[in-house]
Amino acid sequence: MNILTAFLLVFAVAIVLGVLLLLFSHLFMVKVDPKMQEVRACLPGVNCGACGYKGCDDYASAVAEGTAKPNLCIPGGKDVADQIGAIMGIEVETFENKVAFNACNGHCNATDPIAEYDGIQTCYAASMLYGGPNTCRFGCLGYGDCAAVCPTGAICMSNGIARIDASHCIGCGLCSRTCPKGVITMIPQDTKTVVFCSNTQKGADARKACKNACIGCKKCEKACPNGAITVQNNLAVIDYDKCADCGICVKECPTGCLKTVFFPHRAEDTAIAE
Amino acid sequence: MESFKTLMIILLSSVLVDNYVLSRFLGICPFLGVSKKLDQATGMGMAVTAVMLIATAVTWPIQYLLLNPLNLGYLQNILFILVIASLVQMLELLLKKFSPALYSGLGVYLPLITTNCAVLGVTINNINDGYSFIGSMVSSLGCGLGFLLAMVLFSGLRSRINDANIPAPFKGLGATLIAASFISLAFMGFSGIVENIFA
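Just so it is clear, the structure is predicted and the values come from calculations on it, not from any experiment.

Let's talk about the interface of chain B and chain A
Interfaces are frequently sized by the accessible area removed from exposure as the parts join. Residue-level contacts link 18 residues of chain B with 16 residues of chain A. When the two sides are added together, the surface that chain B and chain A hide from each other amounts to roughly 1700 Å², 84% of it contributed by carbon and sulfur. On the chain B side of the contact with chain A, M90, L93 and K97 of chain B bury the most area, a combined 29% of that side's loss. At the surface where chain B touches chain A, the tally comes to 0 salt bridges. Taken together, the links from chain B to chain A amount to 0 residue pairs in polar contact (both at pLDDT 80 or more). Contributions of two or more residues to the side of chain B that touches chain A are made by α3 (38–70) and α4 (76–98) of chain B. The greatest single-element share of the side of chain B that touches chain A, amounting to 11 residues, is contributed by α4 of chain B. Grouping the constituent residues of the side of chain B that touches chain A by class yields 13 nonpolar, 2 polar and 3 charged.

See below:
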């Protein structure tokens, strides 16, 4: 008899709670735009913010409302842009892949620290103490703030500077926004010629700070047949709209801060860490 | 029915002396898991406080109006778990509808409270201590506030631990657990205080 009451009681409570839950879920249902969910399903889910929205959810609802363009997801690339375009039934404009590039070649063999830094081991903290322990005030500090935020683990610290593996870079730009020195820039994937320096000091000072620095000698500016290179603030700057990747400037550069590079396309196994 | 003085003793002793996390070691999972950032810790603490209050308001009548008259005290655990789990689900639906900002802020922590032993512990202990309905509500408010206090204190401590230069073997969970034990030790200093405050 006691068992029967116990059974009935638990059963009754469970039924009441079940009915209540059912009622609640019907009464307080929140309508979700099905298009937003479809768009959200295509997105990679890195929540990197490269699109300019707070996260993938935010961007998806903006696309579903029609206020955002479908080609803003940089980690997703052209595939995702095309998928979103198909869902929304709109034409997708051209999509250009970008990769992160560390414009500093001040590795341990090229530059010496002026002080020994023993504080919190992050670039952000180090840069707050007189701009960091490097001789060069502009260069990579090498404590790996960028490597810590990279969602795909494409950045490793090697010989005192950040090295970015372009084949695993999804172009989200998190590292570029994290770097307190601003040496990481986002450049087009098909770039062949780069300036491997961010130092805007005058030639002699830049040379003293780092063996690999751009000294602003203007040899590249004179040699470039297309007028793509200009020296601004003692630092060579390449206009990628004019650059024809001829490589003449690379041969002319006396310090080797102009380099010919090749950014491999993204590897199939690039995985986004949770 | 407890007097005002008794209620204050219940409140203060459940916040400081019998702190659920630091003295009774219940609800350690969210204490270690969600205390990395101050805002998350505060959100979790508030959510747990709210759920404790609602759960007590529902389970106290169940115990005294259903289980005791029917002599089914042994069903306490299973019924309370059932009720708390459903309550959290309902609260989740309500929040989703009326406060989407809070809902997305709490995120996964709200469903996690379903299986939080501190909530079950509060409801069962209220019955075991023989509190009246008002006493039970005050006690669960105190336990919730105690949980919030522990979370906030510990999240502050953890942000300092993260910035410190810790020997490699203690990095991560090791240093965290040691710090938790220190806070727990510090809270032992409160024992015996509360009864004498109102003397």
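A closer look at helix α1 (residues 2–27) of chain A
With 26 residues, α1 of chain A extends 37 Å from end C-alpha to end C-alpha; this agrees with the ideal 38 Å at 1.5 Å per step. Of the positions making up α1 of chain A, those classed as buried are A6, L9, V13, L17 and F24 of chain A. Those residues of α1 of chain A that are buried lie in contact with α3 and α4 of chain B.

A few points about the packing of aromatic side chains
Residue and element names in this part refer to chain A. Counting across every chain of the model gives 11 aromatic pairs over all chains. Both rings, one in F7 and one in F11, keep their centres 5.8 Å apart while their planes meet at 15°; by these two values the pair is stacked. Here F7 and its partner F11 are both found in helix α1, 4 residues apart, which amounts to about one turn of the helix. Residue classification places F11 among the partly exposed residues on the basis of a relative accessible area of 46%. Plain terms: the ring middles of Y117 and Y143 are 5.6 Å apart, the flat faces sit at 65° to each other, and that makes the pair edge-to-face. Here Y117 is found in the loop between β1 (98–102) and α5 (123–128), whereas its partner Y143 is found in the loop between α5 and α6 (145–149), with 26 residues between them in sequence.

A few points about the pairing of strand β3 (residues 161–164) of chain A
Residue and element names in this part refer to chain A. Strand direction decides the pairing type here: strand β2 (residues 155–158) and β3, joined by 4 bridges, are antiparallel. Within β3, the residue paired with C156 across the bridge is R163. What sits between β2 and β3 in their antiparallel hairpin is a turn of 2 residues, with N159 showing a positive phi close to 55°.

A word on a nonpolar patch on the surface
Together, L4, F7, L8, F11, I15, V16, V19, L20, L23 and L27 of chain A give the surface a local cluster of nonpolar side chains, amounting to about 950 Å² of exposed area. Within the secondary structure, I15 of chain A sits in helix α1.

About the thresholds
Residues numbered from 1 in each chain as written. Chains lettered and ligands numbered in written order. Predicted model: local features only at pLDDT ≥ 70, side-chain atom pairs only at ≥ 80, totals over all residues. Heavy atoms only, no water. Contact = heavy atoms within 4.5 Å. Buried area = accessible area lost by both parts, 1.4 Å probe. Salt bridge = Lys/Arg side-chain N within 4 Å of Asp/Glu carboxyl O. Polar contact = N/O pair within 3.5 Å; in protein donor to acceptor, adjacent residues only side chain to side chain. Helix = DSSP H or I, 4+ residues; strand = E, 2+ residues; numbered from the N terminus. Nonpolar A, V, L, I, M, F, W, Y, C, P; charged D, E, K, R; others polar. Expected span 1.5 Å × (residues − 1). Buried < 20%, exposed > 50% of the residue type's maximum accessible area, 1.4 Å probe, protein only. Phe/Tyr/Trp six-rings, centres within 6.5 Å; stacked < 30°, edge-to-face > 60°. Pairing = 2+ DSSP bridges. Patch = residues over 30% accessible without salt bridge, like charges linked within 9 Å, V, L, I, M, F, W, Y side chains within 5 Å. Areas by Shrake-Rupley, 256 points an atom, 1.4 Å probe, with all protein chains shown as cover.

Don't take any of this as a statement about function, it's just geometry.
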